[in-house]
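# Summary of the model geometry
Below are the chains, spelled out letter by letter.
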Protein chains: 2
Amino acid sequence: MAETVRVVVDAMGGDNAPAEIVKGAVDAVNAHQDISVILTGRQEQIRAELGKYSFDSERIEVVHCEEVIETAEHPVSAIREKKQSSMVVGMNMVKCGEADAIVSAGNSGAILVGGQTIVGRIKGVERPALSPLIPTEKGVALLVDAGANVDARPSHLVQFAQMGSIYMENVIGIKNPRVGILNIGAEEEKGNALVKETYPLLKTCPGIHFIGSIEAREIPHGGADVIVCEAFAGNIVLKLYEGVAATLLDKVKAGLMSSLRTKIGALLIKPALKQTLKEFDASEYGGAPLLGCRGLVVKIHGSSKAKDVKNAVIQCQTYKRQGISEKLKENFSS
Amino acid sequence: MAETVRVVVDAMGGDNAPAEIVKGAVDAVNAHQDISVILTGRQEQIRAELGKYSFDSERIEVVHCEEVIETAEHPVSAIREKKQSSMVVGMNMVKCGEADAIVSAGNSGAILVGGQTIVGRIKGVERPALSPLIPTEKGVALLVDAGANVDARPSHLVQFAQMGSIYMENVIGIKNPRVGILNIGAEEEKGNALVKETYPLLKTCPGIHFIGSIEAREIPHGGADVIVCEAFAGNIVLKLYEGVAATLLDKVKAGLMSSLRTKIGALLIKPALKQTLKEFDASEYGGAPLLGCRGLVVKIHGSSKAKDVKNAVIQCQTYKRQGISEKLKENFSS
């Protein structure tokens, strides 16, 4: 059996906490022998949820935390002041090596601040980057950075390219992943000041396969495996992806319900349509790691359900097995 | 009969020039009595295309231009050096008042440069903004700026909000349009430096209905009528819209062709699905005006077909009839 990965799951974070979070943790443990979970949060509530399921009790631990960081709280002060919160306690466990990873659906800003200040950066990494996988025609692409560092500098983007390449090669198994810089035209002279400064640095950066600019239009077509961008632009890409897909599918569904004829047609195509939806559902691909931290910090959507929690916990296993943290440390120590 | 609008159509611009461009111009003239068109470009080629159709010859004029600005040319030098190109000649006609508007599917950068330097800015407008309509669940929204000014300043964004509001109110008929600033969170303290500086200015800007930040996810849901942003971010929104919709619909179609069962279903739902496609097809909504120029400059997609050209020319009519240029001049003269 492979070495066990120990994952903290912040049981109090997200819209569906603790019920869906606890269920997802149980599902992950039941799906894989080599996963153990530490649930941080209000003991009574967690135990009440755990009571609904059967699982190997040796592999689920509950660590009671009195405090909860709410969605609307200011990230920096929340992390600083709520030392007894499920998130801060969990991050400290990752820091001390009591756990390998933390998964949270809680306050996004607090996850980013906590990741950087509690878990801490890998030596040599200037800025950890939030790096979700997004679906494409050809599979998935990694978006670095999708929200951690607005107004980033060129040197940060170069590191994003390096970290993203290591992640895609080792976690997703894409050899020599194609790195593109998000831009508004294909030519080198296109773009804003940040892109123009970063482009030549990426061209000469060793160890990555830089393919030049990628326009937003080409992302869903699978134009690059690693998409490097500043967090403001990256966050727009991530959220618009969600928004356009949801709206369009709502429209398709409404069209299907418009007459008896289309309703019959809809019944016939339902399974195929469902498969399409699934392939384009970002939650299938686990959470977004905050790449560049000393331990693994995974942010999942605030609206995460049990399935999302489960997938994110399982993702931590691959991350550990492939030694991503060690590979990142090695890359940036030189 | 309403006053005739005189529209220059750059017959040599775009992937499908001159055939589709000329056809679109003819279609527009045939659809509306109060439109006349001036086709600029290589006379022989244009006349050969015109020969295929019947139309009121009083309302289509051909102005021969020897030169053509190619897609790959550098915009600034192309505009400066190719004085006899279909684009520059057309823009000069707008400048002199010989035409009310120009529609071009040619080199995007050249259209933006030519609009600013040849047609010129309205007095008081710091930066004209490329302002396409994008489809939403509730209808359309105006995206300002989608590509004209990367690295814009806060004062530019405030003007975009004002120009966009005038356009949406008068051309699309939305009373008191809701203005949102594109951001990566809903709260006022979120965002990059530009957004944080611009937000308080929009809050106190008279004559607009500012509703705060809009996240990219909310754009397709119709969260705002005017979406104010810097061009780099705006261009990403515009192109990702196209990309996600195209990819998703390809996937739906492929799913529909996967078995006999789904093929039968597909036949039944085809008309409804087609309608959905149409509603989410940006080309249905005409071209993107370069708001803030002294005359109307409309950029259409490089891959534009006759239908797109026709819609863009017809849009010029509404623009003129509603006196948008005059309203913009009035707004910024004070």
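Per-chain numbering applies: the sequence of each chain, read as written, is numbered from 1 onward. Whichever chain is written first is A, and whichever ligand is written first is 1; the rest continue in order. Since the coordinates come from a predicted model, pLDDT governs what is reported: local features require at least 70, and pairs of side-chain atoms require 80 or more to be given and counted, while whole-chain, interface and lining totals use all residues. Note: side-chain values were computed over all heavy atoms of the structure, leaving out hydrogens and water.

### As for a positive patch on the surface
All names here are of chain A. To be explicit about the condition: The patch calculation keeps residues exceeding 30% relative accessible area without a salt bridge and links them within 9 Å when they carry like charges or within 5 Å when they are nonpolar (Val, Leu, Ile, Met, Phe, Trp, Tyr). For accessible areas, the Shrake-Rupley method is used with a probe of radius 1.4 Å. Any residue's cover is judged against the shown protein chains and nothing else. Take a side-chain nitrogen of Lys or Arg and a carboxyl oxygen of Asp or Glu: if they are within 4 Å of each other, that pair is a salt bridge. All tallies of charge rest on Lys and Arg as positive and Asp and Glu as negative; His and the ends of each chain are not included. The atoms used to mark charge sites are NZ of Lys, CZ of Arg, CG of Asp and CD of Glu. Secondary structure elements follow DSSP: runs of H or I no shorter than four residues count as helices, runs of E no shorter than two count as strands, and numbering proceeds from the N terminus. Any residue under 20% of the maximum accessible area for its type is buried, any over 50% is exposed, and the rest in between are partly exposed; the area is computed with a 1.4 Å probe on protein chains only.
A contiguous patch of positive charge, built from Lys95, Arg121, Arg294 and Lys329, is present on the exposed surface. Positionally, Lys95 belongs in helix 4 (residues 86-95). What makes Lys95 exposed here is its relative accessible area of 52%.

### What about the relation of the copies chain B and chain A?
Where we set the bar: In this comparison the copies share one frame, found by least squares on the C-alpha atoms of residues holding pLDDT of at least 70 in both. It only takes one pair of heavy atoms within 4.5 Å for two residues to be counted as in contact.
Rotating chain B by 180° about the axis while translating it 0.0 Å along that axis superimposes it on chain A, leaving an RMSD of 0.0 Å. Interpreted geometrically, this transformation is the action of a two-fold axis. When C-alpha positions in chain B are compared against the rotation axis, the closest is assigned to Gly265(B), at 1.9 Å. The fraction of interface residues of chain B whose copies in chain A are also interface residues reaches 100%, indicating that both copies meet through the same surface.

### Regarding the interface of chain B and chain A
As a reminder of what qualifies: What gets called buried area is simply the loss in accessible area from a 1.4 Å probe that two parts show on being joined, summed for both.
Contacts between the two partners involve 54 residues from chain B, matched on the other side by 54 residues from chain A. Both sides of the chain B and chain A interface together cover about 4900 Å² of buried area, and 74% of this is carbon and sulfur. There are four salt bridges connecting chain B and chain A. Here Arg217(B) and Glu242(A) are joined by a salt bridge, their closest N and O atoms 2.9 Å apart.

### Observations concerning the pattern of salt bridges
Residues and elements named next belong to chain A. Counted by the stated rule, this structure contains 24 salt bridges over all chains. The shortest N-O distance in the salt bridge between Lys320 and Glu3 comes to 3.3 Å. Of this pair, Lys320 sits in helix 10 (residues 306-321) while Glu3 sits in the segment before strand 1 (5-10); the two residues are 317 residues apart in sequence, bridging distant segments of the chain. Residue classification places Glu3 among the exposed residues on the basis of a relative accessible area of 62%. Three or more residues joined by partner-sharing salt bridges are found here, namely Glu3, Asp100 and Lys320.

### A short note on the packing of helix 8 (residues 231-256) of chain A against helix 8 (residues 231-256) of chain B
Which entries qualify depends on this criterion: For helices, the axis comes from a line fit to the C-alpha atoms of the stretch in contact; other axes are also lines fit to C-alpha atoms, and the angle between any two N-to-C directions lies between 0 and 180 degrees. A crossing counts as left-handed when the near helix is turned anticlockwise from the far one by less than a right angle, and as right-handed when that turn is clockwise. Any residue outside Ala, Val, Leu, Ile, Met, Phe, Trp, Tyr, Cys, Pro, Asp, Glu, Lys and Arg is labelled polar, Gly included; the first ten of those are nonpolar and the last four are charged.
Where helix 8 of chain A contacts helix 8 of chain B, the two axes come as close as 9 Å, and the packing angle between them is 40°. Considering the relative orientation of helix 8 of chain A and helix 8 of chain B, their crossing is right-handed. In this structure, helix 8 of chain A uses Phe232(A), Ala233(A), Ile236(A), Val237(A), Leu240(A), Tyr241(A), Val244(A), Ala245(A), Leu248(A) and Leu249(A) to contact helix 8 of chain B, whose residues at the interface are Phe232(B), Ala233(B), Ile236(B), Val237(B), Leu240(B), Tyr241(B), Val244(B), Ala245(B), Leu248(B) and Leu249(B). Of the residues contributing to the contact of helix 8 of chain A with helix 8 of chain B, the split by class is 20 nonpolar, no polar and no charged.

### Re the sheet that holds strand 4 (residues 101-104) of chain B
Residue and element names in this part refer to chain B. To be explicit about the condition: Whether two strands pair depends on DSSP finding at least two bridges between them.
If you trace the seven strands from one edge of the open sheet to the other, you get 3-2-1-4-12-11-5, paired in mixed fashion. The open sheet terminates on both sides in strands that have one partner only, identified here as strand 3 (60-64) and strand 5 (129-130). Bridge count between strand 11 (residues 288-291) and strand 12 (residues 296-299): two bridges; the pairing is antiparallel. In the strand pairing of strand 12, Ala288 is matched with Lys299.

### A few points about the packing of aromatic side chains
All names here are of chain A. As a reminder of what qualifies: Think of it this way: a Phe, Tyr or Trp ring, Trp meaning its six-membered ring, pairs with another when their centres are within 6.5 Å, and the plane angle makes it stacked under 30 degrees, edge-to-face over 60, tilted otherwise.
Scanning the entire structure with this criterion turns up four aromatic pairs over all chains. Geometrically, the ring pair formed by Tyr167 and Tyr319 is tilted, given 6.2 Å between the ring centres and 50° between the ring planes. Here Tyr167 is found in helix 6 (residues 154-172), whereas its partner Tyr319 is found in helix 10, with 152 residues between them in sequence. Take Tyr167: its relative accessible area is 1%, and that puts it in the buried class. Measuring from centroid to centroid gives 5.1 Å for Tyr199 and Phe210, while their planes differ by 75°, and the two rings are edge-to-face. Placement of Tyr199 in helix 7 (residues 193-203) and of Phe210 in strand 9 (residues 209-215) is noted, with a sequence separation of eleven residues between them. Accessibility expressed as a relative area gives 16% for Phe210, which makes it buried.

### Digging into helix 6 of chain A
Residue and element names in this part refer to chain A. Note the following rule: Multiplying 1.5 Å by the residue count of a helix minus one yields the expected span of that helix.
Helix length check: helix 6, at 19 residues, gives a terminal C-alpha distance of 26 Å against a target of 27 Å (1.5 Å per residue), a fit within 8%. Buried residues dominate helix 6, accounting for 16 of its 19 residues. Downstream of helix 6 by a residue or two, Gly173 has a phi angle that is positive, lying close to 85°.

### Description of the sheet that holds strand 5 (residues 129-130) of chain A
All names here are of chain A. On the basis of which strands lie adjacent, the open sheet formed by seven strands has the order 3-2-1-4-12-11-5 and mixed pairing. Looking at which strands have only one partner, the edges of the open sheet turn out to be strand 3 (60-64) and strand 5. Along the sheet face, helix 2 (residues 43-50) touches strand 2 (35-41) and strand 3 and points at about 155° away from the line of strand 3.

### Topic: the packing of helix 1 (residues 19-31) of chain A against helix 10 of chain A
Residues and elements named next belong to chain A. Rule in force here: Here the word oblique covers every angle except those under 35 degrees (roughly parallel), over 145 (roughly antiparallel) and from 65 to 115 (roughly perpendicular).
At their nearest, the axes of helix 1 and helix 10 sit 7 Å apart, and the two run at 45° to each other. Between helix 1 and helix 10, the angle is such that the two are oblique. Crossing angle aside, the handedness with which helix 1 passes helix 10 is right-handed. Across the interface between the two elements, Glu20, Ile21, Lys23, Gly24, Ala25, Asp27, Ala28 and Ala31 from helix 1 touch Ala306, Val309, Lys310, Val313 and Ile314 from helix 10.

### Some details on unusual backbone geometry
Most peptide bonds adopt trans geometry, and most residues besides glycine take a negative phi value. Omega for the bond connecting Ala17(B) with Pro18(B) falls within 30 degrees of zero, at -5°, which places this linkage in the cis form. Mapped onto the elements of the fold, Pro18(B) is located in the loop between strand 1 (5-10) and helix 1 (19-31). In this structure, the amide linkage connecting Val144(B) to the following residue, Asp145(B), adopts the cis form with an omega of 20°. Following the sequence through the fold, Asp145(B) ends up in the loop between strand 7 (139-144) and helix 6 (154-172). Positive phi outside glycine occurs at Asp151(A), with the angle close to 55°. Tracing the chain through its elements places Asp151(A) in the loop between strand 7 (139-144) and helix 6. Despite not being glycine, Asn176(A) shows a phi value in the positive range, around 50°. Within the fold, Asn176(A) resides in the loop between helix 6 and strand 8 (178-183). For Asn176(A), a relative accessible area of 49% gives the class partly exposed.

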